[in-house]
Amino acid sequence: MLPDLRDAVLEANLELNRRGVVLYTWGNVSALDRDSGLMVIKPSGVSYDEMTAEDMVVVNLENEVVWGRNKPSSDTRTHTALYRAFPQIGGVAHTHSTHAVAWAQARRAIPCLGTTQADYCAGEVPCTAPLPPEEVARDYETATGDAIIRRFQRLDPVAVPMVLVAGHGPFTWGKDAGEAVYNAVVLEEAAKMATLTVTVAGPSPEPLEDYVLDYHYQRKHGKNAWYGQK
Ligand SMILES: [Zn+2]
C-alpha cells in the first residue's frame with residue numbers, strides 16, 4: 001500500500017538522522033496522501049540502520065493502522081491531529097534537536113532575530129502553552145496536537161511551518177515529508193543562532209526589523225517570489 005509514499009517517508013526519516021537532528025530513535029516523520037486520507041509514518045522504536053520501506057506503517061486519520069507489520073510511532077496521534085487541523089500540509093516532522101529543545105524547555109518562542117529565520121518562517125517560532133493535566137491524563141499525544149492547534153488559532157501554518165511544544169520540543173511541517181524535514185533542520189540552525197545571539201546581546205535582543213523580515217520571507221514564499229532559478 002502507498003509504496004512511493006513509504007519510500008519518501010523512509011528517506012525523510014533517514015535524512016533527519018543524516019542531518020544530525022535526531023539521536024537514536026528520538027524523531028519521526030510522516031506524510032499524508034490527501035486523496036485516500038491515509039498517512040505513512042515511521043514505526044515505533046526501529047533503529048535507523050535497519051529501517052526499510054516495509055517497516056513504515058499506514059494509518060488513517062482516525063489513528064487506525066490499515067497496513068504494516070509494526071506499531072506506528074508513539075507520536076502518531078499528534079501527527080494526525082495536525083493533518084486534520086491544517087489542510088494545506090502534507091508532511092510532519094518531530095525531533096528533539098538540542099537548540100530547539102532548549103527554547104522549548106525555557107518555554108520561550110524564538111524571536112525572529114535575523115534573516116536566516118525570516119527566509120523560512122514569517123516571524124517568531126511560537127511556543128505552546130503547557131498541556132492541561134486532564135488532557136494529558138486522557139490522551140497525551142492528542143493533547144500535544146491540540147496545544148499546537150490552539151497556538152495557531154491566529155497564525156497561518158503555511159507562513160509559520162514550525163512550533164515548539166513547551167517542555168518538549170519542535171514539530172515542523174510542509175507540503176511533503178521532505179519539506180517537513182528541511183524545516184526541522186532549518187529550525188535547529190535558527191535556534192542555535194538565536195541561542196548564541198542571546199549570549200552575545202543579552203536575554204532580549206532587538207528583533208529583526210519588520211520590513212527586512214517581510215522582504216526576506218516574501219522573496220522566497222510570497223506571491224511573486226523571486227529567489228532562486230526559474
Ligand atoms: Zn518527542
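Note: the structure precedes this text.
Residues numbered from 1 in each chain as written. Predicted model: local features only at pLDDT ≥ 70, side-chain atom pairs only at ≥ 80, totals over all residues. Heavy atoms only, no water.

A. Representation of the overall build of the protein. Check the secondary structure of the protein and you find seven helices and seven strands. At 17 Å, the protein has a C-alpha radius of gyration in line with the 17 Å of a compact globule built from 230 residues. The principal-axis extent of the C-alpha atoms belonging to the protein is close to 50 × 50 × 35 Å. Here the protein, with 230 residues, has 50% of them falling under the buried criterion. For the protein, long-range pairs separated by at least 24 residues make up 62% of all intrachain contacts whose partners lie at least 6 apart in sequence. The positive charge centre, built from 21 side chains, and the negative charge centre, built from 29, are 2 Å apart in the protein. (Helix = DSSP H or I, 4+ residues; strand = E, 2+ residues; numbered from the N terminus. Rg over C-alpha atoms; globule rule 2.2 N^0.38 Å. Buried < 20%, exposed > 50% of the residue type's maximum accessible area, 1.4 Å probe, protein only. Contact = heavy atoms within 4.5 Å. Lys, Arg positive; Asp, Glu negative; His and termini not counted. Charge placed at Lys NZ, Arg CZ, Asp CG, Glu CD.)

B. Examining the coordination of the zinc ion more closely. Donor atoms from the polypeptide that coordinate the zinc ion comprise His 94 (NE2), His 96 (NE2) and His 168 (NE2), at 2.0 to 2.1 Å from the metal. Taken in sequence order, the residues that donate to the zinc ion follow the motif H-x1-H-x71-H. A residue pair is termed long-range when its members are at least 10 positions apart, and His 94 in strand S5 (residues 91–95) and His 168 in the loop between strand S6 (162–165) and strand S7 (169–174) qualify at 74 residues. Side by side, His 94 and His 168 carry an identical accessibility label, which is buried. (Donors = N, O, S within 2.8 Å, 3.2 Å for Na, K, Ca; no water.)

C. Quick peek at the pairing of S7. Burial of S7 is extensive: six of the six residues sit out of reach of the surface. Taken together, the four bridges between S5 and S7 define a ladder with antiparallel strand orientation. Bridge assignment links His 94 to a residue of S7, and that residue is Phe 171. Of the strand pairs in this sheet, S6 and S7 are connected by four bridges, and their pairing is antiparallel. Among the inter-strand pairings, Met 162 is bridged to a residue of S7, identified as Thr 172. (Pairing = 2+ DSSP bridges.)

D. View of a nonpolar patch on the surface. A cluster of nonpolar side chains, contributed by Leu 23, Tyr 24 and Trp 26, occupies part of the molecular surface with about 390 Å² of accessible area. Its relative accessible area of 66% is what places Tyr 24 among the exposed residues. (Patch = residues over 30% accessible without salt bridge, like charges linked within 9 Å, V, L, I, M, F, W, Y side chains within 5 Å. Areas by Shrake-Rupley, 256 points an atom, 1.4 Å probe, with all protein chains shown as cover. Salt bridge = Lys/Arg side-chain N within 4 Å of Asp/Glu carboxyl O.)

E. Structural detail: the packing of helix H3 (residues 98–105) against helix H6 (residues 177–201). Running from amino to carboxyl end, H3 crosses H6 at an angle of 60°, the nearest separation of the two axes being 7 Å. Seen from above, H3 lies across H6 with left-handed handedness. Together, Thr 98, His 99, Ala 100 and Trp 103 of H3 and Leu 187, Glu 188, Ala 191, Lys 192, Ala 194, Thr 195 and Val 198 of H6 make up the contact between the two elements. Here the residues of the contact of H3 with H6 sort into six nonpolar, three polar and two charged. (Axes fitted to C-alpha atoms, helices over the stretch in contact; angles between N-to-C directions. Left-handed = near helix turned anticlockwise from the far one by under 90°. Nonpolar A, V, L, I, M, F, W, Y, C, P; charged D, E, K, R; others polar.)

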